[in-house]
Amino acid sequence: METKTCSNCGVVKAVELFRKRHKQCKSCVNEKQRKNYQENKEEIKEYRRKYNHENKEEIKEYKRKYYQENKEEISEYKRKYYQENKEEISEKERKYYQENKEKISEYQRKYHQENKEEINEKHRKYNQENKEEIKEYKRKYRKENKEEIKEYRRKYYQEKAKEKLFIMLIKMMSLNKKDKK
Ligand SMILES: [Zn+2]
């Protein structure tokens, strides 16, 4: 095993624990960076904020380009990440939703209110552009959920029939009352 002595902590370590051409070991370098960050946190933040602001367009463009060039890797990574952390993610979402239920629904209501036309337009456009896919999706959904749909319809009509019957009964009852008078 090839080793090197760290110029900072003096410990003899495997070369893999050093960055290339560094005299200090990785943990010493990390520690120094951490300390440096802690001591200059505000300046660094301010610098970043300023930098981001002054280079807004370039950053946007860079992100856009990066996304375009790595679209597949990114979506693959997301997919994989989601698969591997599915339970954790849904648990977190559930918890977040529970804790912020009112805030979320208020936000949604407000957002919807303020962007009504845009949302409608988006939906309309989406439906227009994805006509065939939507049709296919509906067809597939109907096929795969035949029994549930049947059951749902059966229940729906049963309820409707009950309602009708109920209304009829009430009408009959009030007719009876009138007759008695
Ligand atoms: Zn060291």
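Residues numbered from 1 in each chain as written. Predicted model: local features only at pLDDT ≥ 70, side-chain atom pairs only at ≥ 80, totals over all residues.

A. Spotlight on the overall build of the protein chain. What the protein chain contains, in helices and strands, is 6 helices and 2 strands. Starting at the N terminus and walking to the C terminus, you meet the elements of the protein chain as β-β-α-α-α-α-α-α. For 181 residues, the compact-globule formula gives about 16 Å, and the C-alpha radius of gyration of the protein chain, at 32 Å, lies well above that figure. Counting only C-alpha atoms and orienting by the principal axes, one finds that the protein chain spans roughly 110 × 40 × 35 Å. Here the protein chain, with 181 residues, has 2% of them falling under the buried criterion. (Helix = DSSP H or I, 4+ residues; strand = E, 2+ residues; numbered from the N terminus. Rg over C-alpha atoms; globule rule 2.2 N^0.38 Å. Buried ≥ 20, exposed ≤ 12 C-beta atoms within 10 Å, placed from the backbone.)

B. Quick look at helix H3 (residues 56-114). Along its 59 residues, H3 runs just 27 Å from first to last C-alpha, ending more than 12% under the 87 Å computed at 1.5 Å per residue. Bending of H3 peaks at approximately 80 degrees at the position of Asn 100. With respect to burial, H3 is a largely exposed element, only 0 of its 59 residues being buried. (Expected span 1.5 Å × (residues − 1). Bend = angle between axes of the 7 residues up to and from the residue.)

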